[in-house]
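Observations on the three-dimensional arrangement
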Amino acid sequence: MRPVQPVRGTQSLLGEDADRLATVVAAFDRVRRLFGFRRVEVPTIEQTQVFARSIGETTDVVSKEMYSFEDRGGESITLRPEFTAGICRAYLSEGWQQYAPLKVATHGSAFRYERPQKGRFREFHQLDAEIIGAGEPQADVELLSLAYQLLQELGIADGVTLELNTLGDPETREAWRTSLVHYFEGHKANLSEDSQARLHRNPLRILDSKDPKDRDICAGAPSVDEHLTTEASDFFAAVTVGIDAAGVPWKRNARLVRGLDYYRHTAFEFVTDRLGAQGTLIAGGRYDGLVEALGGAHTPAVGWAAGIERLAMMIKAPTPEVVEVAVVVEDDRVAAPSIAATIQLRQKGISAELYATGSPRKRRDKAVKRGAVTILTLKLIDDHITASLSGDPNRKVESALVDMLPRLANA
């Protein structure tokens, strides 16, 4: 019988691959604490309408990529394709408005039915950080600073560029949208099929097209700067002054867009050329209209998400975990005291592993192979337990063993 196989686009990780993901998550947890972001948990499943409203019913994510199903109660349920919508739903349904402005962070699995490729999976893992209920530019600066410090913590900031743009306020966006429709109408015949479909529905997304034909046309398209209101211009200026003060390097990308109407003002991506086509590591922006789209009051918000797998590919290989003390039983008659010794070491905060099975002569070899820092060997001589120590114990281990060994010898 052929062994069962994994679902396409999923991963089962062990050793260095798993350690890389854990290293990214641990760094994120350290940094979000430094910035005062509270840890939250939200469900892996939500009502489909949560994502249809937030991501947009006509987007590829909703129309082609979401894992949706009807449960036994006849309700349409979806595995989350991202975190922001679920967090905003919780902000409304769980009464989190009382904590506004709310700085939150989380991480976990997300799901999209995409073609698997380097750094992209159907079940993938994201870091997520949001500030909900803060309309000031300082919130954007805070999120961007958090992202940059995470990259520094991971040791990859030098290989990453922050690309920044403004989408303006609603007045700016509407004027820019009208101008883009007029411009692209004049080039409609030469646009790709996808861009022609987006022309009236979502013209900003044409600027994000990867089709070479579209790129040439987009080069001459009206820019958002031509339509910025004074308020929108001042907001973007405040963000750039803030990140300059925070020491976050950046460059302007006037073609960086977000297609949905609830996105306002700041849009950004941290990108690298070290991962080929999948070069976006962290992406986010201000989404002042999202909570309202989910049925709440107008609530300004800004946030970002990062692909853990992609960050994990960028970092140096983590130092493998090694057991501090291997307890080797060379005589089965001292098995019980050896179990006690192993447990006592662990209770003192020292990692320990017991080698008490298989051939007694090969147990020490197994401990050496596993790379234990210190090997404690127990055996019985003249009805007394004797212990020998080898390796390079640190001060903490030495102190614990000095306390334990006399008691073992007298057991």
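These notes cover the structure that comes with them. (Residues numbered from 1 in each chain as written. Predicted model: local features only at pLDDT ≥ 70, side-chain atom pairs only at ≥ 80, totals over all residues. Heavy atoms only, no water.)

A word on the overall build of the protein chain. Assigned secondary structure in the protein chain consists of 14 helices and 15 strands. What you see for the protein chain is a C-alpha radius of gyration of 28 Å, clearly larger than the 22 Å of a compact globule of 411 residues, by over 25%. Per-residue burial for the protein chain yields a buried fraction of 49% across its 411 residues. Working note: accessible area of the protein chain is about 20,600 Å², and carbon and sulfur atoms make up 50% of it. Between the centroid of the 51 positive side chains of the protein chain and the centroid of its 57 negative side chains there is a distance of 6 Å. (Helix = DSSP H or I, 4+ residues; strand = E, 2+ residues; numbered from the N terminus. Rg over C-alpha atoms; globule rule 2.2 N^0.38 Å. Buried < 20%, exposed > 50% of the residue type's maximum accessible area, 1.4 Å probe, protein only. Areas by Shrake-Rupley, 256 points an atom, 1.4 Å probe, with all protein chains shown as cover. Lys, Arg positive; Asp, Glu negative; His and termini not counted. Charge placed at Lys NZ, Arg CZ, Asp CG, Glu CD.)

One finds Leu127, Phe270, Trp304 and Leu311 to be the most contacted residues of the largest nonpolar core, which totals 46 residues. Among the elements that take part in this core, helix H5 (residues 137–154) stands out by supplying 10 residues, more than any other. Counting 36 residues, the second-largest nonpolar core is a separate cluster that includes Ile87, Cys88, Leu180 and Ala221. (Core = buried A, V, L, I, M, F, W, Y, C linked by side-chain atoms within 4.5 Å.)

If you want to describe how two helices pack, look at the angle between their axes and the distance between the axes. At their nearest, the axes of H5 and helix H9 (residues 230–245) sit 9 Å apart, and the two run at 40 degrees to each other. Classed by the angle they form, the pair H5 and H9 counts as oblique. Where H5 crosses over H9, the two elements pack in a sense that is right-handed. Residues Pro137, Asp140, Val141 and Leu144 of H5 lie in contact with H9, whose contacting residues are Phe235, Ala238, Val239, Gly242 and Ile243. Of the residues in the contact of H5 with H9, the class split is 7 nonpolar, 1 polar and 1 charged. (Axes fitted to C-alpha atoms, helices over the stretch in contact; angles between N-to-C directions. Parallel < 35°, antiparallel > 145°, perpendicular 65-115°, else oblique. Left-handed = near helix turned anticlockwise from the far one by under 90°. Contact = heavy atoms within 4.5 Å. Nonpolar A, V, L, I, M, F, W, Y, C, P; charged D, E, K, R; others polar.)

This part takes up the pattern of salt bridges. Taken as a whole and judged by the stated rule, the model has 19 salt bridges. Here Arg32 ties to Asp29 by a salt bridge, and the two come within 2.9 Å at their closest N and O atoms. Pair noted here: Arg32 and Asp29 are both in helix H1 (residues 16–34), with a separation of 3 residues, about one helical turn. Asp29 sits in the partly exposed class, given a relative accessible area of 25%. In this structure, Arg333 engages Asp331 in a salt bridge whose closest nitrogen and oxygen atoms are separated by 2.8 Å. For Arg333, a relative accessible area of 59% puts it in the exposed group. Residue classification places Asp331 among the buried residues on the basis of a relative accessible area of 16%. Through salt bridges that share partners, Asp29, Arg32 and Arg33 make up one connected network. (Salt bridge = Lys/Arg side-chain N within 4 Å of Asp/Glu carboxyl O.)

Next up on the list: helix H4 (residues 84–93). The buried fraction of H4 is high, at 8 of 10 residues. Those residues of H4 that sit buried are Thr84, Ala85, Gly86, Ile87, Cys88, Arg89, Ala90 and Tyr91. On its buried side, H4 packs onto strand S2 (45–47), helix H2 (48–55), strand S5 (102–111), strand S6 (123–132) and helix H10 (290–293). The first or second residue beyond H4 is Gly95, which carries a positive phi of 75 degrees.

Glancing now at unusual backbone geometry. With an omega of -5 degrees, the peptide bond running from Ala100 to Pro101 counts as cis. Although it is not a glycine, His265 adopts a positive phi angle of roughly 55 degrees. Among the structural elements, His265 can be located in strand S9 (residues 264–271).

Turning next to the environment of Asp211. Tracing the backbone through its elements, the reader meets Asp211 in the loop between helix H7 (193–198) and helix H8 (212–218). The spacing of Asp211 and Arg370 is 159 residues in sequence and 52 Å in space, taken between C-alpha atoms.

The next thing to look at is a positive patch on the surface. A cluster of basic residues, Arg361, Lys362, Lys366 and Lys369, forms a positive patch on the protein surface. Along the chain, Arg361 turns up in helix H13 (residues 360–369). Note on Arg361: relative accessible area 75%, which makes it exposed. (Patch = residues over 30% accessible without salt bridge, like charges linked within 9 Å, V, L, I, M, F, W, Y side chains within 5 Å.)

Attention now moves to the pairing of strand S11 (residues 301–307). Of all 7 residues in S11, 6 are buried; the element is thus mostly enclosed. With 7 bridges joining them, S6 and S11 adopt antiparallel strand pairing. The residue of S11 that forms the bridge with Ile132 is Ala301. Across 5 bridges, strand S10 (residues 280–286) lies against S11 in antiparallel orientation. Of the residues in S11, the one forming a bridge with Gly285 is Gly303. (Pairing = 2+ DSSP bridges.)

In the contact formed by H1 and H5, the axes pass within 9 Å of each other and the chain directions differ by 135 degrees. Taken together, H1 and H5 sit at an angle that is classed as oblique. Where H1 crosses over H5, the handedness of that crossing is right-handed. Packed against H1, whose contacting residues are Thr23, Val24, Ala27, Phe28, Arg30, Val31, Arg32 and Leu34, the element H5 presents Leu146, Gln149, Leu150, Glu153 and Leu154 at the interface.

Where strand S12 (residues 325–329) meets strand S13 (residues 352–355), 4 bridges bridge the pair, whose relative direction is parallel. Looking across to S13, one finds that Val328 is bridged to Tyr355.

Limitation: the analysis is restricted to geometry and does not speak to function.
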